[in-house]
Structures are given as structure tokens and as C-alpha cells.
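The lines below spell out each chain.
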Amino acid sequence: MKKIFLKGCQDDIKIFSIFMLAISLIFYLFFAVYDGVVFLPDSFSYIDMLSYREPIYPIF
């Protein structure tokens, strides 16, 4: 009986995890599509950055 309860509990957790992942993806993808790519005044300095001059910077 205990194994049946735990199996049902694991299924509920899996369903909840998939549901939360789907909600999160929909939320963030909505804003990515709605706003699109935004170039701010300092964006071009990051785009033109030479990776060999600052090899550790992209980690942060």
C-alpha cells in the first residue's frame, strides 16, 4: 500500500514539474517575442568585444 501511495506522489510531482516548466517557458518566451531584440547604448561594446582580450568576462 505504501509503494502505491509513493508511486502516485511521484507522478504528481512529475506532472507538477512539467506544468511549472511549461508555464515558465511560455512566460519568458512571450516577453522575448513581444519585446524582441533590444539594443541599448552600451550593447555594441559587448557585441564588438574581443574574446581573446577578456577571456574570463563571458563567464560572468
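Up top you'll find the structure we're talking about.
Here the structure is a predicted model, which means the values were calculated and not measured. (Residues numbered from 1 in each chain as written. Predicted model: local features only at pLDDT ≥ 70, side-chain atom pairs only at ≥ 80, totals over all residues. Heavy atoms only, no water.)

Q: Let's hear about the overall build of the protein chain: which residues, and what values?
A: Looking only at helices and strands, one finds two helices and zero strands in the protein chain. When burial is assessed residue by residue, the protein chain has 2% of its 60 residues classed as buried. Accessible surface, the protein chain: about 6200 Å² in total, of which carbon and sulfur atoms supply 72%. (Helix = DSSP H or I, 4+ residues; strand = E, 2+ residues; numbered from the N terminus. Buried < 20%, exposed > 50% of the residue type's maximum accessible area, 1.4 Å probe, protein only. Areas by Shrake-Rupley, 256 points an atom, 1.4 Å probe, with all protein chains shown as cover.)

Q: For the packing of aromatic side chains, give the residues involved together with the corresponding values.
A: Enumeration over the complete set of coordinates arrives at five aromatic pairs. Taking 5.1 Å as the distance between ring centres and 75° as the angle between the ring planes, the aromatic pair formed by Phe27 and Phe31 counts as edge-to-face. Taken together, the residues Phe27 and Phe31, both in helix α1 (residues 2–35) and four residues apart, mark about one turn of the helix. Judged by relative accessible area, which is 43%, Phe27 ranks as partly exposed. Both rings, one in Phe30 and one in Tyr34, keep their centres 5.6 Å apart while their planes meet at 15°; by these two values the pair is stacked. One end of the pair is Phe30 and the other is Tyr34, both in helix α1 and four residues apart, which spans about a single turn. (Phe/Tyr/Trp six-rings, centres within 6.5 Å; stacked < 30°, edge-to-face > 60°.)

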